[in-house]
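# Observations on the three-dimensional arrangement
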Amino acid sequence: GAVVSQHPSRVICKSGTSVKIECRSLDFQATTMFWYRQFPKKSLMLMATSNEGSKATYEQGVEKDKFLINHASLTLSTLTVTSAHPEDSSFYICSARAAGGIETQYFGPGTRLLVL
Amino acid sequence: AQSVTQLDSHVSVSEGTPVLLRCNYSSSYSPSLFWYVQHPNKGLQLLLKYTSAATLVKGINGFEAEFKKSETSFHLTKPSAHMSDAAEYFCVVSPDPNAGGTSYGKLTFGQGTILTVHP
């Protein structure tokens with residue numbers, strides 16, 4: 001149980017285009033989903049917290065207009081990187097917390113984004 | 001505020017020998033603590049978690065960790081390393097829900113420890 005999937009697993013795009021990454025909780029309902037970014041050889045950095053049906057809460061320094069987050073259902077959240085630039089290239093990981101769950105987050109396998 | 005420090009960025013062991021990955025935390029209240037493992041180009045897998053129950057926590061794949069409040073530590077151990085244990089390990093702290101504030105539910109990650117296992 002507690003499986004989280006991400007799609008796509010890796011994507012290459014041209015600078016200036018937008019890329020959408022999906023995060024799904026496959027066997028549980030996730031009232032809260034989190035989006036992280038991981039730089040090479042670095043730890044995870046929380047970008048934003050997404051609650052179903054409401055606007056995402058972004059961490060300091062994360063541009064909300066560049067990283068659009070939608071959490072329209074209890075099993076799906078999307079992260080759209082708008083007008084991507086090479087510096088947006090990174091490993092993006094989502095996690096989901098079950099409805100009623102307090103602490104445990106279940107992580108997706110990550111999406112490798114490369115912007116050329 | 002909470003923080004977590006993993007004392008070793010790299011640990012190298014021989015197959016069959018014990019593993020010790022060290023983690024110290026700082027938290028105003030009683031946090032929940034986790035260890036996650038990440039294999040190359042993969043997401044994070046939960047190894048074990050401490051949530052104010054038993055101080056010795058057993059996880060998957062033979063790993064365990066002991067919560068020591070007096071030392072503010074949560075070190076991860078395994079009696080005998082296997083080649084498949086080679087990965088990066090993250091110690092993570094989550095604030096006490098009773099602490100309130102804007103940090104509720106947010107995980108703070110340690111810097112990670114890369115475990116290498118030699119044949």
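Preceding this paragraph is the structure being described.
Residues numbered from 1 in each chain as written. Chains lettered and ligands numbered in written order. Predicted model: local features only at pLDDT ≥ 70, side-chain atom pairs only at ≥ 80, totals over all residues. Heavy atoms only, no water.

### With respect to the state of the cysteines
For the structure on display, the rule yields two disulfides over all chains. There is a disulfide in this structure between Cys23 of chain A and Cys94 of chain A, and the S-S distance comes to 2.0 Å. Disulfide Cys23 of chain A to Cys94 of chain A: torsion about the S-S bond roughly 80 degrees, handedness right-handed. Taken together, the residues Cys23 of chain A in strand E3 (residues 19-25) and Cys94 of chain A in strand E9 (residues 90-98) connect sequence positions 71 residues apart. Comparing Cys23 of chain A with Cys94 of chain A, the two get one shared label, buried. The partner cysteine of Cys23 of chain B in its disulfide is Cys91 of chain B, sulfur to sulfur 2.0 Å. With the S-S dihedral at roughly -65 degrees, the linkage between Cys23 of chain B and Cys91 of chain B falls on the left-handed side. Taken together, the positions of Cys23 of chain B in strand E4 (residues 23-26) and Cys91 of chain B in strand E10 (residues 87-94) put the pair 68 residues apart, joining distant regions of the chain. Both residues of the pair, Cys23 of chain B and Cys91 of chain B, belong to the buried class. (Disulfide = S-S within 2.5 Å. Helix = DSSP H or I, 4+ residues; strand = E, 2+ residues; numbered from the N terminus. Buried < 20%, exposed > 50% of the residue type's maximum accessible area, 1.4 Å probe, protein only.)

### Points about the sheet that holds E3 of chain A
All names here are of chain A. With antiparallel pairing, the four strands of this open sheet are ordered in space as E1-E3-E8-E7. Each edge of the open sheet is held by one strand with a lone partner, namely strand E1 (4-7) and strand E7 (67-73). Along the sheet, successive strands turn relative to each other by an average axial angle of 15 degrees, direction set aside. The pairing of E3 with strand E8 (residues 76-81) spans six bridges and is classified as antiparallel. Counted as the bridge partner of Lys20 is Thr80 from E8. (Pairing = 2+ DSSP bridges. Axes fitted to C-alpha atoms, helices over the stretch in contact; angles between N-to-C directions.)

### Some points on the interface of chain B and chain A
Taken together, the contact pairs 21 residues of chain B with 20 residues of chain A. Carbon and sulfur atoms make up 53% of the surface buried where chain B meets chain A, a total of about 1600 Å² over both sides. For chain B, the biggest contributors to the area lost against chain A are Leu44, Lys106 and Phe109 of chain B; these three give 27% of the whole. Our enumeration of links across chain B and chain A arrives at zero salt bridges. On the surface where chain B and chain A come into contact, there are four residue pairs in polar contact (both at pLDDT 80 or more). At the level of secondary structure, the elements contributing two or more residues to the side of chain B that touches chain A comprise strand E5 (32-38), strand E6 (44-50) and E10 of chain B. Here the element with the most residues in the side of chain B that touches chain A is E5 of chain B; it accounts for four residues. Of the residues contributing to the side of chain B that touches chain A, the split by class is nine nonpolar, nine polar and three charged. (Contact = heavy atoms within 4.5 Å. Buried area = accessible area lost by both parts, 1.4 Å probe. Salt bridge = Lys/Arg side-chain N within 4 Å of Asp/Glu carboxyl O. Polar contact = N/O pair within 3.5 Å; in protein donor to acceptor, adjacent residues only side chain to side chain. Nonpolar A, V, L, I, M, F, W, Y, C, P; charged D, E, K, R; others polar.)

### So, unusual backbone geometry
A cis geometry characterises the amide bond from His7 of chain A onward to Pro8 of chain A, with omega recorded as 0 degrees. Backbone geometry at Asn61 of chain B places phi at a positive 60 degrees, although glycine is not the residue there. On the secondary structure map, Asn61 of chain B appears in the loop between strand E7 (56-58) and strand E8 (64-68).

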